[in-house]
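Working through the structure, step by step
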Amino acid sequence: MSILTVGISDLAVSKAPDVICTYALGSCVGICLYDETKKIGGLVHIMLPSSKEAPHIHDNLKKFADTGIKMLVMEIERAGGNVRNLKAKIAGGAQMFAGVSSFNIGERNVKSVKQILSELNIQIVAEQTGDKIGRTVFFDTQTGMLEVKSATRGITVI
Amino acid sequence: MAPINNLDDLNPIHMDVLREIGNIGSGSAATALSGLLGAPVDISVPSVKCLDFAQTIEFMGGAEELVIGLMLRFEGEISGLILYILKTEFAQKVINAFYSKDIESLMDMDEMDKSAICEIGNIMAGSYVRALADLTGMIIDISVPDICVDMAGAILSVPAIQYASLGDKVLFIDDNFKVSSGDIKSNMILIPEMDSLGMLFGKLGIEI
């Protein structure tokens, strides 16, 4: 078993028994897709809701919910998974700062992720989103379980 | 020469100027801190670096390191964001100096402690920005800070997202204040908006 770490605006795909993790999701969203029959899973760590809103920063399309999720699906299919089998678990999309100096990007990220998944007919089976907390997630490709760790509220498994 | 669109476009002379602004601003912040704590505060020359977000997170002790984030906007002739990243030690020393209270970890901070830290951030940022305004003759206002105690990576993702279009670099100012009980480190991240850097250098008579 190895642990793959996914950075911001990045993705990884692997097979059981590997674990895929990403650290300190704030307003970003971590999207885990899982093909249970093949035990293939993937995780993408997106920063922004839509590539269409930012046509001038297309250096890395994994940065955006729309393009990042589609790239993750492609990678999973390339690894032998089937998009029709995929189920999703998502975490993140917090609002770290409450006041006027932030704009509600976490909520917009979550909304966009849900819309893209719905367009791709991928069901969200579990989520821990919103709120004001940072989250680290560990996605187990053996079981499909997602461990969500917060600095202030300990560990929950969804 | 090409316009300055992000910090990658800066040459060594620009960096020297930003460093000097860092020095002056930090000196001014040290004076403010001294007034607040009612004790002399010395300062060593701050280190001013141009880092990307990943390097900044590393410098703060890793993505999951529990830190205080204090975020404020500055607006006026130039605009942008200031984010203080403060470690446990800063909170312990400052809160203790303020009202002789001991906190074990950042999780122990109550609302009053957070207000005190916010106020200090407000005053430090205010004196910093005032030094910048005096130097350039510009009018710059700052907002009241927002506080967040959480993982460094989650806090730093906020400006990373907000300024994604400006590229990956921030101006990282590493201050070391010396008080009688030891050193207080404060890390300040400055993200000027797109046209603000050009405006700043223009005011200082530096060729872009």
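Scope of this entry: the structure provided in the associated data block.

About the criteria used
- Residues numbered from 1 in each chain as written.
- Chains lettered and ligands numbered in written order.
- Predicted model: local features only at pLDDT ≥ 70, side-chain atom pairs only at ≥ 80, totals over all residues.
- Heavy atoms only, no water.
- Helix = DSSP H or I, 4+ residues; strand = E, 2+ residues; numbered from the N terminus.
- Rg over C-alpha atoms; globule rule 2.2 N^0.38 Å.
- Buried < 20%, exposed > 50% of the residue type's maximum accessible area, 1.4 Å probe, protein only.
- Contact = heavy atoms within 4.5 Å.
- Areas by Shrake-Rupley, 256 points an atom, 1.4 Å probe, with all protein chains shown as cover.
- Lys, Arg positive; Asp, Glu negative; His and termini not counted.
- Charge placed at Lys NZ, Arg CZ, Asp CG, Glu CD.
- Pairing = 2+ DSSP bridges.
- Axes fitted to C-alpha atoms, helices over the stretch in contact; angles between N-to-C directions.
- Core = buried A, V, L, I, M, F, W, Y, C linked by side-chain atoms within 4.5 Å.
- 1 Å grid on protein atoms, 1.4 Å probe; cavity = no way out; pocket = protein on both sides within 12 Å on 5 of 7 lines; lining within 4 Å.
- Points joined across faces, edges and corners; volume = space filled by probe spheres on them.
- Salt bridge = Lys/Arg side-chain N within 4 Å of Asp/Glu carboxyl O.
- Polar contact = N/O pair within 3.5 Å; in protein donor to acceptor, adjacent residues only side chain to side chain.
- Phe/Tyr/Trp six-rings, centres within 6.5 Å; stacked < 30°, edge-to-face > 60°.

Digging into the overall build of chain A
Of regular secondary structure, chain A possesses two helices and 10 strands. Helices and strands appear in chain A in the N-to-C order β-β-β-β-β-α-β-α-β-β-β-β. In terms of overall size, chain A behaves like a compact globule, its C-alpha atoms giving a radius of gyration of 14 Å where 158 residues would be expected to give roughly 15 Å. Considering only C-alpha atoms, chain A reaches an extent of 45 × 35 × 25 Å along its principal axes. Every one of the 158 residues in chain A was classed for burial, and the buried ones make up 53%. When contacts within chain A are restricted to residue pairs at least 6 apart in sequence, long-range pairs at least 24 apart make up 62% of them. When the accessible surface of chain A is split by element, carbon and sulfur atoms take 52% of a total near 6,800 Å². Each charge class in chain A can be summarised by its mean position, and for the 18 positive and 15 negative side chains these summaries are 2 Å apart.

Quick look at the sheet that holds strand 4 (residues 29-35) of chain A
Residues and elements named next belong to chain A. The strand order across the open sheet built from five strands is 2-5-4-6-7, with neighbouring strands paired in mixed fashion. The sheet terminates laterally at strand 2 (10-15) and strand 7 (123-129), the two strands that pair on one side only. Along the sheet, successive strands turn relative to each other by an average axial angle of 15°, direction set aside. Bridge analysis of strand 4 against strand 5 (residues 40-46) gives seven bridges, and the strand direction is antiparallel. Bridge pairing in strand 5 links Ile 31 to Val 44. Packed on one face of the sheet, helix 2 (residues 105-119) meets strand 4, strand 5, strand 6 (86-92) and strand 7 and runs near 25° to strand 4.

A closer look at the sheet that holds strand 10 (residues 154-157) of chain A
Residue and element names in this part refer to chain A. The strand order across the open sheet built from five strands is 1-3-8-9-10, with neighbouring strands paired in mixed fashion. If you trace the sheet from one side to the other, it starts and ends with strand 1 (3-5) and strand 10, each paired once. Between one strand axis and the next, the sheet turns by 20° as a mean value, whatever way the strands run. Bridge count for strand 8 (residues 135-140) against strand 9 (residues 146-150) is five bridges, and the pairing is antiparallel. The residue of strand 9 that forms the bridge with Arg 135 is Ser 150.

Overview of helix 6 (residues 196-203) of chain B
Count 3.6 residues to each turn of an α-helix, and residues three or four apart come out pointing the same way. When helix 6 of chain B is considered as a whole, its buried residues turn out to be Ser 196, Leu 197, Gly 198, Leu 200 and Phe 201 of chain B. If you follow the buried residues of helix 6 of chain B, they end up packed against helix 1 (12-37), helix 4 (111-136) and strand 8 (182-192) of chain B.

A short note on the nonpolar core
Core analysis: the biggest nonpolar cluster contains 49 residues, and Phe 97 and Leu 146 of chain A together with Leu 83, Ile 85, Ile 189 and Ile 191 of chain B have the highest contact counts within it. With seven residues, helix 5 (residues 152-162) of chain B is the largest single contributor of residues to this core. The next biggest cluster of nonpolar side chains, apart from the first, holds 48 residues, and it includes Leu 10, Ile 68, Leu 171 and Leu 197 of chain B.

Regarding the layout of surface pockets
A volume near 490 Å³ is recorded for the largest pocket. Taken together, 23 residues make up the lining of the largest pocket; nearest its centre are Ile 8 of chain A together with Phe 53, Ala 54, Ile 57 and Asp 168 of chain B. Those elements that provide at least two residues to the lining of the largest pocket are strand 3 (19-25) of chain A together with helix 2 (53-59) and helix 5 of chain B. For the lining of the largest pocket, the element with the most residues is helix 2 of chain B, which contributes four residues. The volume enclosed by the second largest pocket comes to roughly 310 Å³. Surrounding the second largest pocket, 15 residues form its lining, Met 96 of chain A together with Lys 114, Ile 147, Cys 148 and Val 149 of chain B being those nearest its centre.

Section: the side chain of Arg 135 of chain A
Relative to the helices and strands, Arg 135 of chain A resides in strand 8. This buried residue, Arg 135 of chain A, is left without a salt bridge; Asp 131 of chain A holds the nearest opposite charge, at 4.9 Å. Polar side-chain contacts of Arg 135 of chain A include one of 2.7 Å to the side chain of Gln 128 of chain A. Setting aside residues no more than four positions away along its own chain, Arg 135 of chain A makes contact with Tyr 23, Ala 24, Leu 25, Ala 91, Gly 92, Ala 94, Gln 128, Thr 129, Gly 130, Val 148 and Lys 149 of chain A together with Met 151 of chain B.

Looking at the packing of aromatic side chains
Applying the stated criterion across every chain yields a total of four aromatic pairs over all chains. Relative to Phe 138 of chain A, the ring of Tyr 23 of chain A has its centre 6.3 Å away and its plane inclined at 90°; by these criteria the two rings are edge-to-face. Here Tyr 23 of chain A is found in strand 3, whereas its partner Phe 138 of chain A is found in strand 8, with 115 residues between them in sequence. Given the relative accessible area of 19%, Phe 138 of chain A is considered buried. Measuring from centroid to centroid gives 4.9 Å for Phe 59 of chain B and Phe 172 of chain B, while their planes differ by 70°, and the two rings are edge-to-face. Note that Phe 59 of chain B is positioned in helix 2 and Phe 172 of chain B in strand 7 (residues 169-179), a separation of 113 residues in sequence.

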